[in-house]
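# Understanding the architecture of this molecule
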Amino acid sequence: MVDHGYVHKLKPGMPGAPILFVLHGTGGDENQFFGFGAQLLPEATVVSPRGDVSEHGAARFFRRTGEGVYDMADLARATEKMAGFVKALAGEHDASEIIGLGYSNGANILANVLIEEGVFEKAVLMHPLIPFRPRDNPALAGRKILITAGERDPICPAPMTQALGDYYTKQKATVEFEWHSGGHDIRQNEIGAIEAFLKDGALTKTFTVLSKLAG
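Attention in this report is confined to the structure presented alongside it.

Calculation notes
Residues numbered from 1 in each chain as written. Predicted model: local features only at pLDDT ≥ 70, side-chain atom pairs only at ≥ 80, totals over all residues. Heavy atoms only, no water. Helix = DSSP H or I, 4+ residues; strand = E, 2+ residues; numbered from the N terminus. Contact = heavy atoms within 4.5 Å. Salt bridge = Lys/Arg side-chain N within 4 Å of Asp/Glu carboxyl O. Buried < 20%, exposed > 50% of the residue type's maximum accessible area, 1.4 Å probe, protein only. Core = buried A, V, L, I, M, F, W, Y, C linked by side-chain atoms within 4.5 Å.

## Focus: the side chain of arginine 60
- Within the fold, arginine 60 resides in strand E5 (residues 58-60).
- Residues within four places of arginine 60 in sequence aside, it is in contact with His24, Thr26, Gly51, Asp52, Val53, Glu55 and Asn105.

## Thoughts on the pattern of salt bridges
- Applying the stated rule across the entire model yields eleven salt bridges.
- Here lysine 81 ties to aspartate 52 by a salt bridge, and the two come within 2.6 Å at their closest N and O atoms. Highlighted residues: lysine 81 in helix H2 (residues 72-92) and aspartate 52 in the loop between strand E3 (45-49) and strand E4 (53-55), separated in sequence by 29 residues.
- The salt bridge partner of lysine 87 is glutamate 117, with a shortest N-O separation of 3.8 Å. Here the residue lysine 87 occupies a position in helix H2, and glutamate 117 occupies one in helix H3 (residues 105-117), the gap between them amounting to 30 residues.
- By relative accessible area, which is 46% here, lysine 87 ends up partly exposed.
- Here the residues in one salt-bridge network are Asp52, Asp74, Arg77 and Lys81, joined through shared partners.

## Examining the nonpolar core
- Among the nonpolar cores identified, the biggest contains 38 residues, and Phe21, Met82, Ile98, Ile109, Phe120, Leu125 and Tyr168 are the most heavily contacted of them.
- Of all the secondary-structure elements, those providing two or more residues to this core are strand E2 (19-23), H2, H3, strand E9 (122-126), strand E10 (144-150) and helix H4 (158-170).
- For this core, the element with the highest residue contribution is H2, accounting for eight residues.
- Setting aside its immediate chain neighbours within four residues, isoleucine 109 contacts Leu23, Phe61, Phe62, Leu75, Ala78, Thr79 and Met82.
- One finds Leu41, Leu101, Ala193 and Leu198 within the second-largest nonpolar core, a separate group that totals 21 residues.

## Some words on unusual backbone geometry
- One non-glycine residue, valine 119, lies in positive phi territory at about 65°.
- By the element assignment, valine 119 lies in the loop between H3 and E9.
- Although it is not a glycine, histidine 127 adopts a positive phi angle of roughly 60°.
- Structurally, histidine 127 is set in the loop between E9 and E10.

## Some words on the environment of proline 131
- Structurally, proline 131 is set in the loop between E9 and E10.
- Residue proline 131 is classed as partly exposed on the basis of its relative accessible area, which comes to 30%.
- Sequence separation between proline 131 and glycine 68 is 63 residues; the distance between their C-alpha atoms is 6.9 Å.
- Leaving out residues up to four positions away in the same chain, proline 131 has contacts with Gly68, Tyr70 and Met160.

Now the structure itself:
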């Protein structure tokens, strides 16, 4: 299997179905959300890349110099690389729609690919952090974005999460929020909101498994 620059897992979908990219958080890997993605959209092609940066042995999609402080040059590199990866796989599988789902660091690279490249028609950003003012991008008009977050998240403060959503709204994207009262953990209402957003019917009970993976 051609890796297109990332070690990844892939489940081929039905011809003409959407393609779903699932992106792990810091310290995760290509297994973290692969099964979840397949349950969310059973007929879709599901692709789960492993971050190509190591932070003390923890896989990430781009480098940082401290908590919430991004290496902007490496973020630009990673954004261009991820956009190319997504476009290549979507083209190979003749996808009808390109969808992204990312958690924490995976949400951050997904958010920045949206900001810079568009690419995704739908995106689920779970606990994202973009600690800078993004550039305006008219190509975001009409994109559908779900942001899930914790009101007391110490890693992704609620005001910054809200600011990211407000940015996408100003670009004329359609933005939905799903909050919970906790921190950086994934909770049941987030899973329900993702299910509803992707319009794929009821999920089996994956909350317990996801909670363990996110911990």
